[in-house]
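Now for the letters of each chain:
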Amino acid sequence: MGDEDWEAEITKPHVSSYVPVFEKDKYSSGANGDTFNRTSASSSEMEDGPSRKDHFMRSGFASGRSLGNRDAGQSNKRENTSIMGGFGSGKSFGNRGFSNNKFEEGDSSGFWKGHQDGNDSEASGLSRRGGRGSFRGCRGGFGLGRSNNEYDQDEGVQRTSGLFGSRRPAVSGAGHGDSYQCRSGSGSGRGGYKGLNEEVITGSGKNSWKSEAEGGESGDIQGPKVTYIPPPPPEDEDSIFAHYQTGINFDKYDTILVEVSGHDAPPAILTFEEANLCQTLNNNIAKAGYTKLTPVQKYSIPIILAGRDLMACAQTGSGKTAAFLLPILAHLMRDGITASRFKELQEPECIIVAPTRELINQIYLEARKFSFGTCVRAVVIYGGTQLGHSIRQIVQGCNVLCATPGRLMDIIGKEKIGLKQVKYLVLDEADRMLDMGFGPEMKKLISCPGMPSKEQRQTLLFSATFPEEIQRLAGEFLKTNYLFVAVGQVGGACRDVQQTVLQVGQYSKREKLVEILRSIGDERTMVFVETKKKADFIATFLCQEKISTTSIHGDREQREREQALGDFRCGKCPVLVATSVAARGLDIENVQHVINFDLPSTIDEYVHRIGRTGRCGNTGRAISFFDPESDNHLAQPLVKVLTDAQQDVPAWLEEIAFSTYVPGFSGSTRGNVFASVDTRKGKSTLNTASFSSSQTPNPVDDESWD
Ligand SMILES: Nc1ncnc2c1ncn2[C@@H]1O[C@H](COP(=O)(O)OP(=O)(O)OP(=O)(O)O)[C@@H](O)[C@H]1O
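So, here's what we can say about the structure. (Residues numbered from 1 in each chain as written. Predicted model: local features only at pLDDT ≥ 70, side-chain atom pairs only at ≥ 80, totals over all residues. Heavy atoms only, no water.)

Focus: the overall build of the protein
The helix and strand tally for the protein stands at 26 helices and 14 strands. The burial tally for the protein puts 64% of its 706 residues in the buried class. Once local pairs closer than 6 in sequence are excluded, the contacts in the protein between residues at least 24 apart make up 76%. As displayed, the protein offers around 23,300 Å² of accessible surface, 50% of which is attributable to carbon and sulfur atoms. (Helix = DSSP H or I, 4+ residues; strand = E, 2+ residues; numbered from the N terminus. Buried < 20%, exposed > 50% of the residue type's maximum accessible area, 1.4 Å probe, protein only. Contact = heavy atoms within 4.5 Å. Areas by Shrake-Rupley, 256 points an atom, 1.4 Å probe, with all protein chains shown as cover.)

Some thoughts on the site of the ligand
Near the ligand lie 21 residues; those nearest to it are Y290, K292, K320, T321 and D587. S318 has a polar backbone atom sitting 3.1 Å from an oxygen atom of the ligand. At 2.6 Å, a side-chain N or O of K320 approaches an oxygen atom of the ligand. Considered on its own, the ligand offers 640 Å² of accessible surface; in the complex 95% of this is hidden by protein. Its residues assigned to classes, the shell around the ligand comprises 4 nonpolar, 10 polar and 7 charged. (Near = heavy atom within 4 Å. Polar contact = N/O pair within 3.5 Å; in protein donor to acceptor, adjacent residues only side chain to side chain. Nonpolar A, V, L, I, M, F, W, Y, C, P; charged D, E, K, R; others polar.)

Overview of the packing of helix α13 (residues 295–305) against helix α14 (residues 320–334)
Relative to each other, α13 and α14 sit at 30°, their axes nearing to 9 Å. Viewed along their axes, α13 and α14 adopt a mutual orientation that is roughly parallel. At the point where α13 passes α14, the crossing takes the right-handed sense. Here α13 contributes V296, Q297, S300, I301, I304 and L305 to the contact with α14, which in turn contributes K320, A322, A323, F324, L326, P327, A330 and H331. Across the contact of α13 with α14, the residue classes break down as 10 nonpolar, 3 polar and 1 charged. (Axes fitted to C-alpha atoms, helices over the stretch in contact; angles between N-to-C directions. Parallel < 35°, antiparallel > 145°, perpendicular 65-115°, else oblique. Left-handed = near helix turned anticlockwise from the far one by under 90°.)

Some remarks on helix α17 (residues 405–413)
For α17, the buried fraction is high: 8 of the 9 residues fall into the buried class. For α17, every residue scored as buried is listed here: P405, G406, R407, L408, M409, D410, I411 and I412. Where α17 is buried, its residues meet β3 (350–353), β4 (378–381), α16 (387–395), β5 (400–403), α18 (430–434) and α19 (439–446). Downstream of α17 by one or two residues, E415 has phi in the positive range, about 60°.

Remarks on the sheet that holds strand β1 (residues 258–261)
Taking strand neighbours across the sheet as the criterion, the 8 strands line up as β1-β8-β2-β7-β6-β3-β5-β4 in an open arrangement whose pairing is mixed. Taken across any chain shown, the strands that pair with only one partner, and hence form the sheet edges, are β1 and β4. Mean inter-strand twist for the sheet, computed between neighbouring axes without regard to direction, equals 15°. Examined bridge by bridge, strand β6 (residues 424–428) and strand β7 (residues 458–463) share 5 bridges and lie parallel to one another. Considered in β7, the bridge of L425 is made with T459. (Pairing = 2+ DSSP bridges.)

Describing the sheet that holds strand β12 (residues 575–578)
Spatially, β9-β14-β13-β10-β12-β11 is the arrangement adopted by the 6 strands of the open sheet, whose pairing is parallel. With partners counted over all chains shown, the strands left at the sheet margins are β9 (497–503) and β11 (549–552), one partner each. Adjacent strand axes in the sheet meet at a mean angle of 20°, parallel and antiparallel pairs treated alike. Of the pairings in the sheet, the one linking strand β13 (residues 591–596) to strand β14 (residues 620–626) comprises 4 bridges and is parallel in character. Counterpart to V594 in the pairing with β14 is A622. The sheet strands contacting helix α25 (residues 635–644) are β9 and β14, and the helix crosses β9 at an angle near 150°.

Examining the pattern of salt bridges
One pass over the full model with this rule turns up 28 salt bridges. In this structure, the salt-bridge partner of D598 is K509, at a minimum N-O distance of 2.9 Å. Of this pair, D598 sits in the loop between β13 and α24 (603–610) while K509 sits in helix α21 (residues 509–520), and the two are 89 residues apart along the sequence. Among the residues examined, K509 registers a relative accessible area of 4% and is labelled buried. Between K532 and D555 there is a salt bridge, with its nearest N and O atoms 3.2 Å apart. (Salt bridge = Lys/Arg side-chain N within 4 Å of Asp/Glu carboxyl O.)

Details of the environment of L542
As for its position among the elements, L542 is in helix α22 (residues 532–544). A relative accessible area of 0% means that L542 is categorised as buried. Excluding residues that lie within four positions of it along the chain, L542 makes contacts with L513, V514, L517, I547, T549, V575 and V577.

Remarks on the pairing of strand β2 (residues 310–313)
Residues L310 and A312 point to one face of β2 and M311 and C313 to the other, with burial holding for every one of them. Here β2 pairs with β7 via 4 bridges, running parallel. Paired with M311 across the bridge in β7 is L461.

Describing the packing of α24 against α25
Two numbers describe how α24 lies on α25: the axes approach to 10 Å, and their chain directions differ by 40°. In terms of axis orientation, α24 runs oblique to α25. As α24 runs across α25, the sense of the crossing is right-handed. Taking contact as the criterion, the partners of I603, Y606 and V607 in α24 are, on α25, P637, L638, V641 and L642. Residues of the contact of α24 with α25, tallied by class, amount to 7 nonpolar, no polar and no charged.

So, unusual backbone geometry
Of note, the phi angle at N276 is positive, near 60°, even though the residue is not glycine. Residue K546 is not a glycine yet carries a positive backbone phi of 65°.

A closer look at α19
Listing the buried residues of α19 in full gives G439, E441, M442, L445 and I446. Viewed along the axis of α19, the buried residues span an arc of 160°, placing them on a single side of the element. Looking at the buried residues of α19, the elements they touch are β3, α17, β6 and α18. (Arc of directions from axis to C-beta.)

What follows is the structure in structure tokens.
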């Protein structure tokens, strides 16, 4: 394919100029199947036994094809291979770029033809569709095979409106037409791709969702179970306390201006000792390598210890997680929490919610680290995993429950969690948790039977961005005397990230990307794109270019997402192509570069994305491709963000910003703005607007959220 007309690519038949040829083990960088191998149409994925599995893991690209193969009568092999699914998770990247079929629709019979013809690209592409129905069956079988206890049975039939209730006929291979994604039912705005099992239905892009509790299981829709049980994290102390070093700019945090608004704010503390935490917590803090407080910690810890509600906004990577975890744990210890024990109904003292599975898992690991050696038990539950597994984790005891919203509501619906004892409710990435996508669910949560009123609980909202509109909505969750902590400019970018904006038209983006990645070498890089399809396509493309790449987005199975992240973390795949599902919160050591292949539709999203690098005082680089055809709405807020972070602003960008200038940004329907102050002080004077993109469905982002 010679251009990047994505719509054309998706909808118009064409013959690709990139015909992938995959070869076992060649160019493979890992066993996860998340890297691509150029090779011939190996069918060894279909072999029995470990070697087959291993190869399958390695030959990501081929997995789609092999799914088709399995459908051709090798159903007994499906479980193993598909679970390990390759990069394309059977989605057959080749299908996109390399076949002459549309992404989403096709004639499943074509698989057989393609496969028999030995035509790699066709076969791999079409097999997705051919394999779809069969693979679902396989997943169901897998679930049954493992479901030998109450909870597994309890999980029941999962939601697959994509298959049976999709807005598109199932036969069309809705959404990605992805045979792996059998869990994914309807909804990602793509006609039934995103499944209820993913906890989210993105009826209009990312912004609406529905939980299992809302009928997925009780409805008339039948489908396979989600069977994925995430591997338990390592239990040894070294792993629990593993951390990366603070960077050379860590001390510069002290120079950032902090503003606290609201009445009777307790004074900031300057050292951990001043927090007067118990000895076990202090030991854990030391083992985690924390010697000095970051600004958000200096201010938030005493505020939370004083029992106040808090909205805290601080730059990405500056330690917000510990800022809420430490005082909560200190309170729980102070209150003489008793060891949580096995009970069918658990009543956690603290609930923490975050918008993505990987992020909530990360928060859980932090909670586990800081509560090490105490009787506080933290538990994590999130979508894309077996519900029975989540329940089993909970019933063993639960003081601090870390959850994605969908799974949380499901578990509450199943009466495994009672809310009466909740003393702390934390919304991490709070602006995201309160926007149109998750806001309704959060409202449901606070009005659930048993949930203490806001007067009776402590509510803590944290993010690096807080649009004014969201701040206003947050009032419903917070006591009126809440405190607002702003570290630096609210919504501002981290200054440790060197930002570069290049004018690159869509047709030149891939070439530019390869050029940059080659110059970067093996340094860890996140490449953000705007859609799930594009994430697959770009990852495939990079692998063809022999750049070890993996990808993460909402259409990948949870197992694959975790594998991808693991491979990126450990450096096996130094390039991670991601949608906005990875934009917030993820704390990955040594991410030196973020590349916005596509700019996001809002400036807040931009701030979060580039915040995956330059964390904890380390430096990083962000390069963004600005396409004047599509990104002009961002020019003005981008200039503002660059200026505030003392970055060079290209003259051409200033010109565009000037020519598209809209006073107060209110004319822009997509260019989000950020508040500069606590909205209770009145409308902020800088860079504010009546419009917040957080309240507006995003026309481009097709990511699914949970
Ligand atoms: N006081 C500290 N000393 C040393 N390291 C710290 C300290 N506080 C936090 N860190 C480390 O800094 C990194 C970033 O912290 P964290 O993930 O909490 O940032 P964040 O502000 O929540 O970022 P984001 O806005 O992207 O979610 C983590 O690896 C964390 O362990």
